[in-house]
Each structure stands twice: as C-alpha cells, then as structure tokens.
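Here's the letter readout for the chains.
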Amino acid sequence: MSHHLVQVKDAMQENNFQFADGMLTVAEGMQIAKEHQVNALIINKRHDNDEYGIVMLSDIAKHVIAKDRSPERTNLYEIMAKPLLSVSPDMDVKYCARFFERFGVNCAPVIKDGEVLGMVDYTNMVLAQIEK
C-alpha cells in the first residue's frame, strides 16, 4: 500500500485550545475551557527561557476532581505537564501517531519557531488520512 504524505499541519486544528496563565485557579481554567469549548489549556511561558505547559480537561478530572481537591484553591501550574510534548507541523502523521504511542499521549500542540499553531490528535490524523 502506498503512503500519501499527510503532514501534521493537514490534521491539526487551530481553535481547540486556549492560552492561560499558570497562576489562574483550576476553576478559572475550567471556565475558560467552557467558554471557548476547548479541551486543552496551553500555559503561557513566564519568560523567554521558559517552556509552555499544558492542562487537559482530563488532567483536571484526574488531579483535582478524583483527588477531591478544591478547584478554587488549586492553581493550573500545580497540575500542568511541563515541558509539554509537541510536534512539528511538517511531521508525517504516521510518525506523529508513533510518537503518541511511544509517549502515551492522545494529543499534542503543534509548534513552529516557538509559536503554538494548533493541536493534533488521533482522530484528526485519521480523518486527514481519509481525505487524501
């Protein structure tokens, strides 16, 4: 079977995340996610040499709700993954899928030249493959 090149940029979504400050409470982060209908909050860098962090709604469920922590007294930085695993927009989706499997993630930010362009997940990789 021949492989048609489908790159991450063909599969990513540009509107399925929001930026947030790590000092926000989880309750405030949940409100942002609800307002913008997103599943991921990219935590802003605090300075030029810092890295982005990420909080997925599933992280809130696992690290706040399941552990009976107060969303009003827990900050996003306490539960974020940092540095985040990211992929290049030019990466072949077959390698992106292997990357996800290897590191046990279901989605990742797409970053080029230090800028978050979008998010990619398994579903969008499969759909982009079908469209080619």
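Being a predicted model, the structure only gives us computed values, none of them experimental.

Regarding a nonpolar patch on the surface
At step 1: Side chains of Val126, Leu127 and Ile130 sit close together on the surface and give an oily, nonpolar patch of about 290 Å² of accessible area.
At step 2: Mapped onto the elements of the fold, Val126 is located in helix α6 (residues 122-131).
At step 3: By relative accessible area, Val126 is classed as partly exposed at 49%.

Things to note about the environment of Asp113
At step 1: Take Asp113: it is sitting in the loop between β4 (107-112) and β5 (115-121).
At step 2: Since its relative accessible area comes to 76%, Asp113 is described here as exposed.
At step 3: Put simply, Asp113 and Ala11 are 102 residues apart on the chain and 19 Å apart in space, counted from C-alpha to C-alpha.

Focus: the packing of aromatic side chains
At step 1: Tallied over the entire structure, the rule returns 5 aromatic pairs.
At step 2: Note on Phe99 and Phe100: the rings are 6.5 Å apart at their centroids and 50 degrees apart in plane angle, and the pair reads as tilted. Accessibility assignment for this pair places Phe99 and Phe100 in one class, buried.
At step 3: Ring geometry for Phe100 versus Tyr122: centroids 5.3 Å apart, planes at 85 degrees, classification edge-to-face. Of this pair, Phe100 sits in helix α5 (residues 93-103) while Tyr122 sits in helix α6, and the two are 22 residues apart along the sequence.
At step 4: Chaining the aromatic ring pairs together yields one cluster made of Phe99, Phe100, Phe103 and Tyr122.

Notes on the layout of surface pockets
At step 1: Approximately 360 Å³ is the volume attributed to the largest pocket.
At step 2: Taken together, 15 residues form the lining of the largest pocket, with Met56, Asp59, Val105, Asn106 and Cys107 sitting closest to its centre.
At step 3: Elements with a minimum of two residues in the lining of the largest pocket: β3 (53-56), α3 (57-65) and β4.

A word on the pattern of salt bridges
At step 1: Following the criterion strictly, the structure yields 3 salt bridges and no others.
At step 2: Between Arg69 and Glu78 there is a salt bridge; the shortest N-O distance is 3.1 Å.
At step 3: For Arg69, a relative accessible area of 31% puts it in the partly exposed group.
At step 4: The class for Glu78 is partly exposed, based on a relative accessible area of 37%.

Thoughts on α5
At step 1: Within the span of α5, buried status applies to Val93, Cys96, Phe99 and Phe100. Down the axis of α5, the sector holding all buried residues measures 110 degrees, keeping them to one side. Along α5, the residues that are exposed and aim more than 90 degrees away from the buried face are Arg98, Glu101 and Arg102.
At step 2: Summarising the contacts, the buried residues of α5 are in contact with α1 (8-11), β4, β5 and α6.
At step 3: One side-chain oxygen at the N-terminal end of α5 lies 3.0 Å from the backbone nitrogen of Lys94; it belongs to Asp92.
At step 4: Just past α5, the residue Gly104 takes up positive phi, approximately 65 degrees.

Description of α6
At step 1: Taken as a whole, α6 has its buried residues at Asn124, Met125 and Ala128. All buried residues of α6 project into a common sector of 105 degrees when viewed along the axis, lining one side. What points out from α6, more than 90 degrees from its buried face, is the exposed set Thr123 and Ile130.
At step 2: Contacts made by the buried residues of α6 are with α1, α5 and β5.
At step 3: By the N-cap criterion, in which a side-chain oxygen at the helix start approaches the backbone nitrogen of a residue two or three places on, α6 is capped by Asp121, the distance to Thr123 being 3.3 Å.

Rules used in this analysis
- Residues numbered from 1 in each chain as written.
- Predicted model: local features only at pLDDT ≥ 70, side-chain atom pairs only at ≥ 80, totals over all residues.
- Heavy atoms only, no water.
- Patch = residues over 30% accessible without salt bridge, like charges linked within 9 Å, V, L, I, M, F, W, Y side chains within 5 Å.
- Areas by Shrake-Rupley, 256 points an atom, 1.4 Å probe, with all protein chains shown as cover.
- Salt bridge = Lys/Arg side-chain N within 4 Å of Asp/Glu carboxyl O.
- Helix = DSSP H or I, 4+ residues; strand = E, 2+ residues; numbered from the N terminus.
- Buried < 20%, exposed > 50% of the residue type's maximum accessible area, 1.4 Å probe, protein only.
- Phe/Tyr/Trp six-rings, centres within 6.5 Å; stacked < 30°, edge-to-face > 60°.
- 1 Å grid on protein atoms, 1.4 Å probe; cavity = no way out; pocket = protein on both sides within 12 Å on 5 of 7 lines; lining within 4 Å.
- Points joined across faces, edges and corners; volume = space filled by probe spheres on them.
- Arc of directions from axis to C-beta.
- Contact = heavy atoms within 4.5 Å.
- Polar contact = N/O pair within 3.5 Å; in protein donor to acceptor, adjacent residues only side chain to side chain.

The quantities given are spatial measurements derived from coordinates; they are silent on function.
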